[in-house]
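Now for the letters of each chain:
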Amino acid sequence: MRISIWPGAGQPWADILAAARHAEQTGWDGVWIADHFMPNDGPGRDPHQPTLEAGSLVAALGAVTERVRIGTLVYGNTYRHPAVLANMAATVDRITGGRFTLGVGAGWQINEHEQYGIELPAVKQRLDRFVEALRVLHGLLRQPTTTLDGEYYRLTDAISEPKPVQDPLPIMIGGGGEKRMLGVVAEYADLWNTWGLPELIAHKSAVLDRFCAERGRDPKSIARTAQALTVVDGPLPEGLPVPVIGGSPEKLADAFAEYRSVGLDELIIPDGFLGAGAEKLKAMDTILELVNR
C-alpha cells in the first residue's frame with residue numbers, strides 16, 4: 001500500500017514545501033493538493049482563511065521535487081474547463097518528468113460557487129456535464145485531435161500539444177456515489193478516490209467491481225485510493241463530517257493494516273492533525289514507520 005501526504009492549501013507555501021520535501025526525502029510515495037479557493041462553511045471553520053490555488057501549487061511542487069508523484073485531490077469540473085485543464089495537466093506532467101496524476105471531480109462546495117457566481121447545477125446535470133468533461137480530457141490528452149458536440153462542451157478538431165510524458169497520463173476520479181458516480185469511475189478512471197474507513201472502502205470497492213463487470217473492464221485496472229483525517233497520538237476529534245483514524249501509534253498501525261487488507265492501493269494522509277513545523281515532520285516519520293511495519 002502506497003502512502004502519500006496531503007498538505008492543506010490553507011497554510012503558508014513554506015510549510016507546504018517543507019512537508020513535500022520531507023516526503024520526498026524520507027520515502028513517501030506522493031503529495032496531493034486539494035482544489036478549493038476557500039474553506040468549506042462549517043462549525044469551527046474560518047471561511048476567510050487564505051487558501052492557495054491548486055494548479056499553481058502542483059506546478060511548483062513538481063518543479064522542486066524529483067521522485068514523489070504529484071496529484072490533485074480533486075480539480076472541480078464546475079470551475080475548470082476541461083480543455084484548459086487538459087493543457088494544464090500536460091504541462092505539469094512535463095514539469096514533473098511524468099509524475100503527475102490528474103484528479104478530477106464533479107464539483108460540490110457551495111460557498112465558493114456562491115461567492116464567485118459560478119453555477120452549481122443539480123446533481124444529475126452536474127454528473128452529465130462531468131461525463132462530457134471526461135470525454136474531453138480523454139480526447140485531448142490521448143488523441144491527436146478531439147471533436148465533441150455535447151450539451152455542455154463543444155470542440156472542433158481540437159488539439160492539445162505537447163502531450164503528457166505519460167502515455168496515458170493517469171486520471172483519478174473522486175466520488176463514491178453508488179447509483180451513478182462509481183459507474184463513471186468504472187468507465188473513465190485509472191484511479192478512484194473517496195473518503196472512508198476500511199469497511200466503507202471495501203463496500204464501495206465491491207460496488208465499483210460490479211460496475212466494471214457490467215462494462216467488461218478488469219477491476220484491477222483501477223487503483224483504489226482513500227483518505228481519512230489522521231491523529232498519531234491524542235484524542236480523536238468528534239462530530240466531524242469525515243472519518244478519523246488513529247489516536248495512538250498502535251491504533252494507527254491497526255488502521256493501516258485494515259486498509260491494506262481490503263485492497264487499498266494508496267492511503268492519503270491529510271496533514272491537518274499532524275501539528276506544525278518539526279512536530280509535523282516527526283509525525284510523518286512515525287506514520288511512515290507504522291505503514292512499513
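Residues numbered from 1 in each chain as written. Predicted model: local features only at pLDDT ≥ 70, side-chain atom pairs only at ≥ 80, totals over all residues. Heavy atoms only, no water.

(A) Main features of helix H2 (residues 54-64). Listing the buried residues of H2 in full gives Ala54, Gly55, Leu57, Val58, Leu61 and Gly62. Mapping the buried residues of H2 onto a view down its axis gives an arc of 160°, with all of them on the same face. Elements that come into contact with the buried residues of H2 comprise helix H1 (13-26), strand S2 (30-33), strand S3 (69-72), strand S4 (75-76), helix H3 (82-96) and strand S5 (100-105). Of the residues flanking the start of H2, the one acting as N-cap is Glu53, its side-chain oxygen 2.8 Å from the backbone nitrogen of Gly55. (Buried < 20%, exposed > 50% of the residue type's maximum accessible area, 1.4 Å probe, protein only. Helix = DSSP H or I, 4+ residues; strand = E, 2+ residues; numbered from the N terminus. Arc of directions from axis to C-beta. Contact = heavy atoms within 4.5 Å. Polar contact = N/O pair within 3.5 Å; in protein donor to acceptor, adjacent residues only side chain to side chain.)

(B) Layout of the pattern of salt bridges. On inspection of all chains with the given rule, the structure shows 13 salt bridges. For Lys204, the salt bridge goes to Glu178, with nearest N and O atoms at 3.0 Å. Here Lys204 is found in helix H7 (residues 198-215), whereas its partner Glu178 is found in the loop between strand S8 (171-174) and helix H6 (181-188), with 26 residues between them in sequence. Judged by its relative accessible area of 12%, Lys204 is buried. (Salt bridge = Lys/Arg side-chain N within 4 Å of Asp/Glu carboxyl O.)

(C) Molecular detail of the environment of His113. Here His113 is to be found in helix H4 (residues 110-116). For the pair formed by His113 and Trp13, sequence separation is 100 residues and the distance between their alpha carbons is 25 Å. If near-sequence neighbours (up to four positions away) are discounted, His113 is found in contact with Thr78, Tyr79, Trp108, Ile118, Glu119 and Leu120.

(D) Up close: unusual backbone geometry. Between Leu73 and Val74 the backbone carries a cis peptide bond, its omega angle lying at -15°. Of the consecutive residues Asp167 and Pro168, the connecting peptide bond is found in the cis state with omega at 5°. Following the sequence through the fold, Pro168 ends up in the loop between strand S7 (154-158) and S8. Here the phi dihedral of Asp157 falls at roughly 45°; this positive angle occurs in a residue that is not glycine. Of the residues examined, Asp157 reaches a relative accessible area of 54% and is grouped as exposed.

(E) Structural context of the environment of Trp192. With respect to the secondary-structure elements, Trp192 resides in strand S9 (residues 191-195). A C-alpha to C-alpha distance of 23 Å links Trp192 and Asn40, two positions 152 residues apart in sequence.

(F) Local environment of a negative patch on the surface. A surface patch of negative charge is lined by Asp233, Glu250, Asp254 and Glu258. On the basis of relative accessibility, which here comes to 48%, the residue Asp254 falls in the partly exposed class. (Patch = residues over 30% accessible without salt bridge, like charges linked within 9 Å, V, L, I, M, F, W, Y side chains within 5 Å. Areas by Shrake-Rupley, 256 points an atom, 1.4 Å probe, with all protein chains shown as cover. Lys, Arg positive; Asp, Glu negative; His and termini not counted. Charge placed at Lys NZ, Arg CZ, Asp CG, Glu CD.)

(G) Expanded view of the side chain of Ser4. Its location among the elements puts Ser4 in strand S1 (residues 2-6). Residue Ser4 is classed as buried on the basis of its relative accessible area, which comes to 0%. At a separation of 3.1 Å, a polar atom in the side chain of Ser4 contacts the main-chain amide nitrogen of Gly30. Apart from residues lying up to four places away in sequence, Ser4 is in contact with Trp28, Asp29, Gly30, Val31, Trp32, Glu266, Leu267, Ile268 and Ile269.

(H) The arrangement of the packing of aromatic side chains in detail. One pass over the full model with this rule turns up three aromatic pairs. With centroids separated by 5.6 Å and ring planes inclined at 50°, the aromatic side chains of Trp6 and Trp195 adopt a geometry described as tilted. Taken together, the residues Trp6 in strand S1 and Trp195 in strand S9 connect sequence positions 189 residues apart. Here Trp195 falls in the partly exposed class, since its relative accessible area comes to 26%. Aromatic ring contacts, followed pair by pair, group Phe37, Tyr79 and Tyr116 into a single cluster. (Phe/Tyr/Trp six-rings, centres within 6.5 Å; stacked < 30°, edge-to-face > 60°.)

(I) Seen up close, the side chain of His138. Looking at where His138 falls in the secondary structure, it is placed in helix H5 (residues 123-142). Within the structure, His138 has its side chain in polar contact with the backbone oxygen of Tyr188 (distance 2.9 Å). Not counting residues up to four positions away in its chain, the partners in contact with His138 are Gln143, Ile171 and Tyr188.

(J) Main features of the nonpolar core. Within the largest apolar cluster, 76 residues are counted, with the highest numbers of intra-cluster contacts made by Leu102, Val104, Ile173 and Ile287. Of the residues forming this core, the biggest block, nine residues, is contributed by H5. Setting aside anything within four residues of it in sequence, one finds Leu102 in contact with Thr72, Tyr75, Leu85, Ala89, Leu137, Leu141, Leu169, Pro170, Ile171 and Met172. Trp6, Trp32, Met172 and Ala223 belong to the second largest nonpolar core, which has nine residues in total. (Core = buried A, V, L, I, M, F, W, Y, C linked by side-chain atoms within 4.5 Å.)

(K) Looking closely at the packing of helix H8 (residues 249-261) against helix H9 (residues 278-291). Two elements in contact, H8 and H9, have axes whose closest approach is 9 Å; the angle formed by their N-to-C orientations is 50°. Comparing the axis directions of H8 and H9 gives the class oblique. As H8 packs across H9, the resulting crossing turns out to be right-handed. Residues Pro249, Leu252, Ala253, Phe256 and Arg260 of H8 lie in contact with H9, whose contacting residues are Ile287, Leu290 and Val291. Its residues assigned to classes, the contact of H8 with H9 shows seven nonpolar, no polar and one charged. (Axes fitted to C-alpha atoms, helices over the stretch in contact; angles between N-to-C directions. Parallel < 35°, antiparallel > 145°, perpendicular 65-115°, else oblique. Left-handed = near helix turned anticlockwise from the far one by under 90°. Nonpolar A, V, L, I, M, F, W, Y, C, P; charged D, E, K, R; others polar.)

What is shown is where atoms sit, not what they do.
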